Amino acid sequence: MRRYPPVAPLTVCSLALIVIGGILMASYVPRQPPLTIPAALTAVSAVLVLTGVFLMSRLEQFAWPRFFLAFRWALLAYVISAGMIGFAFVHDHTRGAPLALVIVMLVIFALDVSLVIAFTVARYSSPPHSAY
Amino acid sequence: MTDVERAQAQTAEAVAAPPRPQVVPLRGLPIVAAVVVFVIVSIAGNWLWALTFCHVVGGALWTAIDLFVGLIVGPILGRMSIAARAEFTARFMPKMVLLMPTLVLMTLAAGFQLAIKQGNLLPGNPNHAWLVASFCVVGVMAVIALGVLEPANITVLVEMRKQQPDGAVIALLMRRFIYTAGITGLMQVATLIIMTRVATQ
């Protein structure tokens, strides 16, 4: 079986950090949450997902058309999910910096899930004999 | 013939005859859209009955399906022949692709609003710690479901749509599906304990 860079583990770790940050933020509602730890988790999460994207961009002979097809549809589905979560926070009077952080977390969440789905679909559609 | 070759041959044979599965069943999309709109309206209107309905119905279905699939269907599936497993998967997985994310969204969005509306998230409330514990349980389930289970599920369906599906890939991903469904099933037991505590405090 062909070896791939650790795009899926990096993306799942990024997703896990966003989920932890989200739990921290949600546990403070309706009070103002302290933002240091969630912001740090979000920054690390962003670095992980960007690293995954960078590693993926260097792949040769990867099933890119299938990747983008899966990514587009998954992104549509998870933008709707993320939008609904964002709507709930706005409805609960989250404003200013906490809202901005929630939006960044939701963007990373939607990208993480779409990326891991599309990468998994494409990796098993790629030619098995090509090298990384 | 090695195990992998036998699995490939069996799976190719099994999926050659039945219709190729649709990854997302399009007929289900209007129902999903209706559920999402209903949840949004319930949240926007602070509609207590509708929020309770969405949380209880969504949560009951989510928990029951996770437990049933993880602890009953999963182990049975693991003991079936590759050919039977492939045929079951082709009919079962597309429904799960639509059903589970919709139930999860409905349960969590309505539950969070209910918790706020009823003051359960306030620091002095005896339910606060239990709700944070439930966030953690849901968080673990979300990472497993979104990061492992769903990509495997969709990849199996995409693989089955190919002219010559790779049996080894399907077997590998189905094993992942069976294990992770078992883990989320067990996590649902924790959810049941937490939610019954919250309801009776």
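Residues numbered from 1 in each chain as written. Chains lettered and ligands numbered in written order. Predicted model: local features only at pLDDT ≥ 70, side-chain atom pairs only at ≥ 80, totals over all residues.

**Some points on the overall build of chain B**
Regarding its fold elements, chain B presents six helices and zero strands. Considering only C-alpha atoms, chain B reaches an extent of 65 × 30 × 20 Å along its principal axes. When contacts within chain B are restricted to residue pairs at least 6 apart in sequence, those whose partners lie at least 24 apart make up 85%. (Helix = DSSP H or I, 4+ residues; strand = E, 2+ residues; numbered from the N terminus. Contact = placed C-beta atoms within 7 Å.)

**What about the overall build of chain A?**
Check the secondary structure of chain A and you find four helices and zero strands. In sequence order, the secondary structure elements of chain A are arranged as α-α-α-α. Overall size of chain A, expressed as C-alpha extent along the three principal axes, is 55 × 25 × 20 Å. By residue count, 43% of the 132 residues in chain A fall in the buried class. For chain A, restricting intrachain contacts to residue pairs at least 6 apart in sequence, the fraction spanning at least 24 positions comes to 86%. (Buried ≥ 20, exposed ≤ 12 C-beta atoms within 10 Å, placed from the backbone.)

**Focus: the nonpolar core**
Across soluble globular proteins, nonpolar side chains show a tendency to be buried alongside one another. The biggest cluster of nonpolar side chains holds 90 residues, and the ones touching the most others in it are A:Leu15, A:Phe109, A:Val113, A:Ala118, A:Phe119 and B:Ala109. The element best represented in this core is helix H5 (residues 128–160) of chain B, accounting for 16 residues. Sequence-distant contacts of A:Ala118, that is, excluding residues within four places in its chain, are made with A:Phe67, A:Ala70, A:Phe71 and A:Ala74. (Core = buried A, V, L, I, M, F, W, Y, C linked by C-beta atoms within 7 Å.)

**Digging into the interface of chain A and chain B**
Contacts between the two partners involve 24 residues from chain A, matched on the other side by 26 residues from chain B. Here the side of chain A that touches chain B gets eight residues from one element, more than from any other, and that element is helix H1 (residues 7–28) of chain A. Within the side of chain A that touches chain B, the residues separate by chemical class into 18 nonpolar, five polar and one charged. (Nonpolar A, V, L, I, M, F, W, Y, C, P; charged D, E, K, R; others polar.)

**With respect to unusual backbone geometry**
Located in the positive-phi region is A:Gln61, a residue other than glycine, with phi close to 50 degrees. Along the chain, A:Gln61 turns up in the loop between helix H2 (36–57) and helix H3 (64–91).

**A short note on the environment of B:Gly119**
Among the structural elements, B:Gly119 can be located in the loop between helix H4 (82–117) and H5. Judged by local crowding, B:Gly119 falls into the exposed class, with 12 C-beta atoms found within 10 Å.

**Considering H1(A)**
Taking 1.5 Å of rise per residue, 22 residues should cover 32 Å, and H1(A) covers 32 Å from first to last C-alpha, within 8% of that figure. Where burial is concerned, most of H1(A) is hidden: 16 out of the 22 residues are buried. (Expected span 1.5 Å × (residues − 1).)

**As for the packing of H5(B) against helix H6 (residues 167–200) of chain B**
All names here are of chain B. Where H5 meets H6, the axes come as close as 9 Å, and the angle between the chain directions of the two elements is 160 degrees. It follows from the interaxial angle that H5 and H6 lie roughly antiparallel. When you trace H5 past H6, the crossing you get is left-handed. Here the contact of H5 with H6 is composed, by residue class, of 25 nonpolar, six polar and three charged. (Axes fitted to C-alpha atoms, helices over the stretch in contact; angles between N-to-C directions. Parallel < 35°, antiparallel > 145°, perpendicular 65-115°, else oblique. Left-handed = near helix turned anticlockwise from the far one by under 90°.)

**Thoughts on the confidence of the model for chain B**
Residue and element names in this part refer to chain B. In this model, chain B carries an average pLDDT of 85, and 91% of its residues clear a pLDDT of 70 or more. Highest mean pLDDT in chain B belongs to helix H2 (residues 29–44) (93); lowest belongs to helix H1 (residues 3–16) (56). Per the prediction output, this complex has pTM 0.86; the corresponding ipTM is 0.89. (pLDDT = per-residue confidence, 0-100.)

**Looking at the packing of H3(A) against H2(B)**
Where H3(A) meets H2(B), the axes come as close as 10 Å, and the angle between the chain directions of the two elements is 10 degrees. Compared by their axis directions, H3(A) and H2(B) come out roughly parallel. Together, A:Ile80, A:Met84, A:Phe87, A:Ala88 and A:His91 of H3(A) and B:Val36, B:Ile40, B:Ile43 and B:Ala44 of H2(B) make up the contact between the two elements. Residue composition of the contact of H3(A) with H2(B), grouped by class: eight nonpolar, one polar and no charged.

**Considering the environment of A:His91**
Along the chain, the position of A:His91 falls in helix H3. Spatially, the C-alpha atoms of A:His91 and A:Pro33 are 16 Å apart, while their sequence positions differ by 58 residues. What A:His91 contacts, discounting residues up to four positions off in sequence, is B:Ile43 and B:Ala44.

**Here's the deal with the confidence of the model for chain A**
Predicted confidence across chain A gives a mean pLDDT of 90, with 95% of residues reaching 70 or more. When pLDDT is averaged over each helix and strand of chain A, the minimum, 92, is found for H3(A) and the maximum, 96, for H2(A).

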